[in-house]
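# Chain and residue survey
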Amino acid sequence: MQPSYEKFEDFLKQKNVSVSTICIETGIPGSTFSDWKKKKSYPKVAKLYKIANYFGVQMEDLLSNTGD
């Protein structure tokens with residue numbers, strides 16, 4: 001399973017935050033999110049952990065089960 005950008009976007013909407021806010025608050029570069037959105041690459045485990053922690057969810061909640 002790969003991290004799902006669509007699920008990430010759902011969390012953005014739920015928390016009413018922007019990617020730039022997450023970049024600032026987690027220290028994750030914007031290019032990580034841009035490449036993820038374009039499916040050029042996926043965030044490494046340490047970054048996924050930071051993202052999940054930011055949203056207060058488990059890392060598994062960011063994973064796709066649809067074969068993306």
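Note that this is a predicted model, so its numbers are computed, not measured.

What follows concerns the confidence of the model for the chain. Of the residues in the chain, 94% have a pLDDT of 70 or more, and the chain-wide mean is 92. Ranking the helices and strands of the chain by mean pLDDT puts helix H2 (residues 19-26) first, with 97, and helix H1 (residues 5-15) last, with 95.

Our focus in this paragraph is helix H4 (residues 45-55). Residues of H4 that are buried include every one of Leu 48, Ile 51, Ala 52 and Phe 55, and no others. Viewed along the axis of H4, the buried residues span an arc of 95°, placing them on a single side of the element. Pointing more than 90 degrees away from the buried face of H4 are the exposed residues Ala 46, Tyr 49 and Asn 53. Elements in contact with the buried residues of H4: H1, H2 and helix H3 (30-37).

Before going further, it helps to spend a moment on unusual backbone geometry. A positive phi angle, near 55°, is found at Asn 16, a position not held by glycine. A positive phi angle, close to 60°, is found at Lys 39, a residue other than glycine. Mapped onto the fold, Lys 39 is located in the loop between H3 and H4. Using a relative accessible area of 44% as the deciding quantity, one classes Lys 39 as partly exposed.

We now examine the environment of Val 17. Among the structural elements, Val 17 can be located in the loop between H1 and H2. On the accessibility criterion, Val 17 (23% relative accessible area) is partly exposed. Here the alpha-carbon distance between Val 17 and Lys 50, two residues 33 residues apart in the chain, equals 15 Å. Setting aside residues up to four positions removed in sequence, Val 17 forms contacts with Leu 12, Ile 22, Tyr 54 and Phe 55.

Reading the values: the criteria
- Residues numbered from 1 in each chain as written.
- Predicted model: local features only at pLDDT ≥ 70, side-chain atom pairs only at ≥ 80, totals over all residues.
- Heavy atoms only, no water.
- pLDDT = per-residue confidence, 0-100.
- Helix = DSSP H or I, 4+ residues; strand = E, 2+ residues; numbered from the N terminus.
- Buried < 20%, exposed > 50% of the residue type's maximum accessible area, 1.4 Å probe, protein only.
- Arc of directions from axis to C-beta.
- Contact = heavy atoms within 4.5 Å.

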